[in-house]
Every structure is written in structure tokens, then in C-alpha cells.
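# Breakdown of the fold
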Amino acid sequence: MSLCFAILVTGQPYSDQSSKTALQFCKAIIERQHSIYRIFFFNDGVHCANSFITPPQDEQAIPKQWQALQKEHDLDLVICVSSALRRGVIDQKEAQRYDVTGHNMAEGFNIGGLGQWVDACINADRVIRFGS
Amino acid sequence: MHFLYLFSRQAYGHSLAREALDMALATAAFDQKVSIVFLEDAIYQLLNATDAQSVETKPHIGVINALPLYDIENIYYLDDDRQSRAISESNLLVHARAISRPALQQLIAAADRVQSF
């Protein structure tokens, strides 16, 4: 049976394992022919969309891995606007609105509201959160 | 759809307490039925005398008090949690009700979506 998943990521990359586990979980369910309705990045999880993250060369760039997965499978990656703005993850439009110099939201992600998470919960068969 | 939120954090230790509460409000704003159980240290979120000025944070109690305005009336805590923390019932918000562990299990079993924060 094929299931549709709504994934919530609340852990920030490099501080805990959860965002990497979320990545691996998403890859695993796609491999098994399940689908992903939406991946919603909330609370500290919004840091996964920060394109300014620059790890040492021998470490994996987690935002880039999300981007690659998004591109390969046309996934809907949404970062929560209120979580993101509090933490300085910002796209071009919001940067203009708040008169902030520069923007750092990685391509492949979109900024959205909590309504999009509620919508994902309603429409998916399974709801899973990654984060402590 | 019935959304059940299980919270287990006190109000000011981690932002997830506040942001998860915002999620519950958003869920109610989208016309879904919402129940919240404040487990373990989350029962401290229900104290009616909290004052956040000393930690320079927006008072949590404002959102907690707003729950009934969003039609979130199923607000619960476990009486075991209250007793083990020596909290008097009179110090808890009047719209929060004690439930037993079996009732919590029934609530979890009956809900369509269960999320814990």
C-alpha cells in the first residue's frame, strides 16, 4: 500500500541529528514508492533552508541535500514564515518588505504559513515530526 | 478532523512551547477540532499567576488565555502531573480540566492526528 506523508522538521542542522534523519527518512519512503505531500520546516528546522550554511569540505551541506532531493522529486518544501523571520532565514520578497540587506533562503524552498502545515496534516495519511 | 496536541515543555525553556501553541491556534483557525493535553512540565504553562517580565519574554499566558476564543475548549492536564509537582488546582486556569491516564489513552486513540511537542 502506498502512503502519503506530511513531514515536520523542527531540528536545526549541525546541532542535532534530526534534520539528517528526516532527509534519510524521506529518501527511504520515496524509494519504497510512497509519496510526500509536503515537508514543513518549523521552529529551529527553518535553518535547513539557510543557503549561507558553509560547513567544512569534509562535511555534508544539509541545505544542499534538501535542495537536491527537492529537485529530483519535485517536493514541496515550505518554511514557516514566523519561525524563519525570527531566526533570520529570509527570502528576497520578505527582505524587501522588512528592508533587510541580503537574503539567504535556499532555492527550492518556499516561505509559507502554518495553514500549509494544517493542510498537509489533513491531506496526508501519516504525520511525522523530526526534532527533539 | 480532530487534532490532538500533546505538549510536555514548560513555557519559557524552549521556543517550541510557544510556537507549537501557535500551531494549535492555526489548526483551530482552519476550522479543525483541537484538543490539547499539557503533560509533565507543560502543566506549568497553565499556571494562572505567571509573570514573564523578569525573563523579558512575551507572556505565555496571553496565548493560553486566548485558546477558548479560538474555540479550543478541550484543554487538559493529568492530575498525576499536578500532584507530583505540588501544584494546587486553584493555581491553574479555570478552563483546563484534569483527566486520567485511561482518558488520555482514549483521547489519543480517538484523535485523527496526534502531534507531540
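Residues numbered from 1 in each chain as written. Chains lettered and ligands numbered in written order. Predicted model: local features only at pLDDT ≥ 70, side-chain atom pairs only at ≥ 80, totals over all residues. Heavy atoms only, no water.

### So, the packing of helix α1 (residues 18–31) of chain A against helix α2 (residues 62–73) of chain A
The description of two packed helices rests on the angle between their axes and on the distance between the axes. Residue and element names in this part refer to chain A. Quick note on the threshold: Orientation is described by axes fitted as lines to C-alpha atoms, over the contacting stretch for helices, and by angles from 0 to 180 degrees between their N-to-C directions. Strands here mean DSSP runs of E at least two residues long; helices mean DSSP runs of H or I at least four residues long; both are numbered from the N terminus. These descriptions rest on fixed angle ranges, namely under 35 degrees for roughly parallel, over 145 for roughly antiparallel, 65 to 115 for roughly perpendicular, and the rest for oblique. The crossing is said to be left-handed when, going from far helix to near helix, the turn is anticlockwise and less than a right angle, and right-handed when the turn is clockwise. Note on definitions: a residue-residue contact is assigned when non-hydrogen atoms from the two residues lie within 4.5 Å. Under the convention adopted here, Pro, Cys and the residues Ala, Val, Leu, Ile, Met, Phe, Trp and Tyr are nonpolar, Asp, Glu, Lys and Arg are charged, and Gly plus all remaining residues are polar.
One can describe the packing of α1 onto α2 by two numbers: an axis separation of 10 Å at closest approach and a directional angle of 20 degrees. Relative to α2, α1 is oriented roughly parallel. Where α1 crosses over α2, the two elements pack in a sense that is left-handed. For the pair α1 and α2, contact is made by Ser 19, Lys 20, Ala 22, Leu 23, Cys 26, Lys 27 and Ile 30 and by Ile 62, Gln 65, Trp 66, Leu 69 and His 73, respectively. Residues that form the contact of α1 with α2 fall into these classes: seven nonpolar, three polar and two charged.

### Considerations on the confidence of the model for chain B
Residues and elements named next belong to chain B. The following threshold applies: Predictor confidence is given residue by residue as pLDDT, running from a minimum of 0 to a maximum of 100.
Residues with a pLDDT of 70 or more make up 97% of chain B, whose mean pLDDT is 92. Taking the mean pLDDT of every element in chain B, the minimum, 87, falls on helix α2 (residues 61–66) and the maximum, 98, on strand β1 (residues 2–7). Predicted complex metrics record ipTM = 0.92 and pTM = 0.94.

### Regarding the nonpolar core
Applicable threshold: What is meant by a nonpolar core is a set of buried Ala, Val, Leu, Ile, Met, Phe, Trp, Tyr and Cys residues, joined one to another through side-chain atoms within 4.5 Å. Type-normalised accessible area, obtained with a 1.4 Å probe on protein chains alone, sets the label of each residue: buried when under 20%, exposed when over 50%, and partly exposed for intermediate values.
Counting residues in hydrophobic clusters, the biggest one holds 41 residues, and the most contacted among them are Tyr 5, Phe 7, Ile 36, Phe 38 and Leu 46 of chain B. Elements supplying a minimum of two residues to this core: β1 (4–9), β3 (77–80) and α5 (114–123) of chain A together with β1, α1 (15–29), β2 (33–38), α2 and β3 (74–78) of chain B. Looking at this core element by element, the count peaks at eight residues for α1 of chain B. Excluding residues within four positions of it along the chain, Leu 46 of chain B makes contact with Phe 38, Ile 64, Ile 75, Tyr 76, Tyr 77, Asn 91, Leu 92, Leu 93 and Ala 96 of chain B. Listed in part, the 27 residues of the second largest apolar core include Cys 26, Ile 36, Leu 77 and Ala 106 of chain A.

### A short note on the side chain of Asn 43 of chain A
Within the secondary structure, Asn 43 of chain A is located in the loop between β2 (35–41) and α2. Note on Asn 43 of chain A: relative accessible area 0%, which makes it buried. Not counting the four nearest positions on each side in its chain, Asn 43 of chain A is found in contact with Thr 10, Ser 83 and Arg 87 of chain A together with His 14, Ser 15, Leu 16 and Glu 19 of chain B.

### Notes on the pairing of β2 of chain A
All names here are of chain A. Quick reminder of the rule: Only strands joined by at least two bridges in the DSSP assignment are considered to pair. If you view a crossover with the strands going away from you and the path from the first strand over the helix to the second runs clockwise, you call it right-handed.
The buried count for β2 comes to five of seven residues, which makes it a mostly enclosed element. Across six bridges, β1 lies against β2 in parallel orientation. Counted as the bridge partner of Phe 5 is Ile 36 from β2. You can see the chain leave β1, run along α1 and come back into β2, and the turn it takes is right-handed. Pairing of β2 with β3, which is carried by three bridges, proceeds in the parallel orientation. Paired with Phe 40 across the bridge in β3 is Val 78. In this fold, the crossover linking β2 to β3 by way of α2 has right-handed handedness.

### Some details on the sheet that holds β1 of chain B
Residues and elements named next belong to chain B. Pairing is parallel across the open sheet formed by five strands, whose spatial order is β4-β3-β2-β1-β5. Strands with a single pairing partner mark the edges of an open sheet, and in this sheet they are β4 (96–99) and β5 (113–116). Geometrically, the sheet is characterised by an average inter-axis angle of 25 degrees between neighbouring strands, direction not taken into account. Summarising the sheet, β3 and β4 pair through four bridges and their orientation is parallel.

### Details of the interface of chain A and chain B
Note the threshold: What gets called buried area is simply the loss in accessible area from a 1.4 Å probe that two parts show on being joined, summed for both. For this analysis, a salt bridge means a side-chain nitrogen from Lys or Arg found within 4 Å of a carboxyl oxygen belonging to Asp or Glu. Counting of polar contacts relies on pairs of N or O atoms within 3.5 Å, with two restrictions inside protein: one atom must be capable of donating a hydrogen and the other of accepting it, and residues adjacent in sequence are counted only when both atoms are side-chain atoms.
On the chain B side, the residues contacting the 19 residues of chain A number 18 residues. Buried area between chain A and chain B, both sides added, is near 1500 Å², and the carbon and sulfur share of it is 58%. The interface formed by chain A and chain B holds two salt bridges in total. With a closest N to O distance of 3.0 Å, Glu 19 of chain B and Arg 86 of chain A form a salt bridge. Across the chain A-chain B interface, the total number found is 11 residue pairs in polar contact (both at pLDDT 80 or more). When contributions to the side of chain A that touches chain B are tallied by element, the ones reaching two or more residues are α3 (81–86), α5 and β5 (126–130) of chain A. In terms of residues, the side of chain A that touches chain B owes the most to one element, α5 of chain A, which gives six residues. Its residues assigned to classes, the side of chain A that touches chain B shows nine nonpolar, five polar and five charged.

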